[in-house]
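One letter stands for each residue in the lines below.
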Amino acid sequence: MIEIRVEGAGFEYPDGTCALKRVDLVIPPSSTVALAGPNGAGKTTLARLLNGLLVPTRGRVLLAGTDTAKVPASRVAAQVGYVFQNPRRQVFASTIAEEVAFGPRNLGRTESEVDQAVRSALEDLDLTLRAEAHPYELSQSELRRVALASVLSMQSPVLILDEPTASLDGADHERLLRVLAGLRRRKATILVITHDMDFVAEECERMLILRDGRVAADGPPGEVFAAGPGAGLEPPSIWRMSRALDRPGICRGADLLESLRPGSGA
Ligand SMILES: Nc1ncnc2c1ncn2[C@@H]1O[C@H](COP(=O)(O)OP(=O)(O)OP(=O)(O)O)[C@@H](O)[C@H]1O
Ligand SMILES: [Mg+2]
């Protein structure tokens with residue numbers, strides 16, 4: 001179980017671009033949190049700080065109390081898996097099976113543990129029959145699934161998914177929901193960077209909005225939407241429908257249905 005604590009963290013790229021001004025944040029273990037905000041707000045940069053690909057140029061990132069700047073990046077990456085926004089930048093091995101095995105093997109797992117982790121991650125993403133395919137033969141959908149499988153196979157306590165909902169078809173959406181349900185069952189912490197407010201409303205207990213390198217809003221999605229559309233975000237359809245039906249503040253379809261049942265007291 002890993003608590004994520006970000007204390008006054010800022011980040012400047014070597015060319016002088018200030019991507020994060022000051023971020024203070026605590027994410028307790030086992031939560032599902034959405035990270036939203038306009039393009040260029042610093043979402044991907046924050047993800048890279050949490051996963052140890054970058055260290056803050058100001059302030060600190062603590063994972064279970066340990067400063068990420070003081071331990072090897074590989075140790076941070078073992079705790080916080082990060083699925084890249086662009087899978088082509090992530091995937092490099094010559095077969096899918098090798099790609100998915102790389103992470104757990106690198107963590108020093110035994111070969112039978114690696115086999116088991118690979119089998120289960122491929123199965124979760126319906127890639128078993130494609131195990132020997134070369135990543136360059138894959139469709140965009142398959143490539144994204146490989147990127148996700150290769151992080152799932154590390155079984156890290158924290159996972160960051162960078163825009164997993166962008167241009168998904170129905171089957172991929174279902175697969176993503178199934179993977180998230182599995183992660184919740186094993187009490188992983190999930191941080192999802194997304195512009196899809198319907199997804200946030202249904203799946204996330206908390207929502208952060210990053211704007212201009214700072215946290216502009218933080219709370220349960222219903223409260224964040226109620227505070228105003230902020231950051232140009234379109235409130236989710238269920239939330240708008242609930243308001244029109246005089247049941248304001250409801251974010252999830254099942255909760256709205258429940259509130260509309262005769263005798264529900266509303
Ligand atoms: N490698 C880099 N070198 C210099 N500047 C960068 C680099 N990567 C990102 N930036 C800049 O840092 C700022 C934050 O970028 P970041 O990618 O973190 O935003 P984002 O919220 O993920 O945006 P998007 O929604 O477009 O993915 C932007 O101004 C971006 O141009
Ligand atoms: Mg990004």
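Look a little higher up for the structure.
Okay, so let's go over this structure. (Residues numbered from 1 in each chain as written. Chains lettered and ligands numbered in written order. Predicted model: local features only at pLDDT ≥ 70, side-chain atom pairs only at ≥ 80, totals over all residues. Heavy atoms only, no water.)

### Describing the overall build of the protein chain
We apply this condition: Helix and strand definitions here come from DSSP, where helices need a minimum of 4 consecutive H or I residues and strands a minimum of 2 consecutive E residues; each element is numbered from the N-terminal end. The contact rule is simple, with two residues in contact once any of their heavy atoms fall within 4.5 Å.
A tally of helices and strands in the protein chain yields 11 helices and 10 strands. In terms of principal-axis extent, the alpha carbons of the protein chain reach across some 55 × 45 × 30 Å. A separation of at least 24 residues holds for 63% of the contacts in the protein chain among residues at least 6 apart in sequence.

### Some words on the pattern of salt bridges
To keep it simple, the criterion reads: The rule for a salt bridge is simple: a side-chain nitrogen of Lys or Arg has to be within 4 Å of a carboxyl oxygen of Asp or Glu. Burial here depends on accessible area, computed with a 1.4 Å probe over protein chains only, as a share of the maximum for the residue type. Under 20% is buried, over 50% is exposed, and the range in between is partly exposed.
By the definition in use, this model includes 14 salt bridges. One salt bridge in this structure joins R175 and D126, with 2.7 Å as the shortest N-O distance. On the criterion of sequence distance, the pair formed by R175 in helix α7 (residues 170-185) and D126 in the loop between α5 (111-124) and α6 (140-152) is long-range, its members being 49 residues apart. Here D126 falls in the partly exposed class, since its relative accessible area comes to 40%. D172 is the salt-bridge partner of R175, the closest N and O atoms lying 2.7 Å from each other.

### Section: the site of ligand 1
The condition that has to hold: Throughout this document, a residue counts as near a molecule or strand when at least one of its heavy atoms sits within 4 Å of that molecule or strand. Side-chain atoms alone can form a polar contact between residues adjacent in sequence; in general such a contact is a pair of N or O atoms within 3.5 Å, and within protein one must be able to donate a hydrogen while the other accepts it. All accessibility values rest on the Shrake-Rupley procedure with a 1.4 Å probe; residue burial counts only the protein chains present in the view. Residues are grouped as follows: Ala, Val, Leu, Ile, Met, Phe, Trp, Tyr, Cys and Pro are nonpolar; Asp, Glu, Lys and Arg are charged; every other residue, Gly included, is polar.
Around ligand 1, the structure places 15 residues, and the nearest of them are N39, G40, K43, T44 and T45. In this structure, an oxygen atom belonging to ligand 1 sits 2.8 Å away from a main-chain N or O atom of G40. Within the backbone of A41, a nitrogen or oxygen atom sits 3.2 Å from an oxygen atom of ligand 1. The fraction of the free accessible surface of ligand 1 (630 Å²) that becomes covered by protein chains is 66%. Class assignment for the residues of the shell around ligand 1 results in four nonpolar, eight polar and three charged.

### A few points about the packing of aromatic side chains
Applicable threshold: Pairing of aromatic rings covers Phe, Tyr and the six-membered ring of Trp, with a centre-to-centre limit of 6.5 Å; geometry is then stacked below 30 degrees between planes, edge-to-face above 60, and tilted otherwise.
Overall, the coordinates contain four aromatic pairs when judged by the stated rule. Between Y82 and F84 the ring centres are 5.2 Å apart and the planes differ by 35 degrees, which places this aromatic pair in the tilted class. Ring centres of F92 and F102 lie 5.0 Å apart, and the angle between their planes is 90 degrees; on these two criteria the pair is classed as edge-to-face. Taken together, the positions of F92 in the loop between α3 (87-90) and α4 (96-106) and F102 in helix α4 put the pair 10 residues apart, joining distant regions of the chain.

### Topic: the state of the cysteines
For clarity, the threshold we go by: The disulfide definition used here is simple: a pair of cysteine sulfur atoms within 2.5 Å.
Taken as a whole and assessed by the stated rule, the structure comprises zero disulfides. Sulfur of C204: no disulfide; nearest cysteine sulfur belongs to C251 and is 10 Å away.

### Details of the coordination of the magnesium ion (ligand 2)
The condition is simple: Here the term donor refers to an N, O or S atom within 2.8 Å of the metal (or 3.2 Å for Na, K and Ca), and because water is left out of the atoms, sites may appear incomplete.
For the magnesium ion (ligand 2), every protein donor is listed as T44 (OG1) and Q85 (OE1), and the spread of their distances is 2.0 to 2.4 Å. Of this pair, T44 sits in helix α1 (residues 43-50) while Q85 is found in the loop between β6 (80-83) and α3, placing the two residues 41 residues apart along the sequence. By relative accessible area, Q85 is classed as partly exposed at 43%.

### Details of the packing of α6 against α7
Filter applied, for reference: Angles shown run from 0 to 180 degrees and are taken between the N-to-C directions of axes, each axis being a line fitted to C-alpha atoms and, for helices, limited to the stretch in contact. Roughly parallel refers to an angle under 35 degrees, roughly antiparallel to one over 145, roughly perpendicular to one between 65 and 115, and oblique to any angle outside these ranges.
Here α6 crosses α7 at 5 degrees, and the two axes come no closer than 12 Å. Taken together, α6 and α7 sit at an angle that is classed as roughly parallel. Where α6 abuts α7, its residues S141, R145, L148 and L152 lie against D172, R175, L176, V179 and L183. When the residues that make up the contact of α6 with α7 are grouped by side-chain class, the tally is five nonpolar, one polar and three charged.

### Some thoughts on the side chain of S150
Among the secondary structure elements, S150 is positioned in helix α6. Here the side chain of S150 touches Q90 through a polar contact of 3.2 Å, side chain to side chain. Those residues in contact with S150 that lie beyond four places of it in its chain are Q90, E99 and V100.

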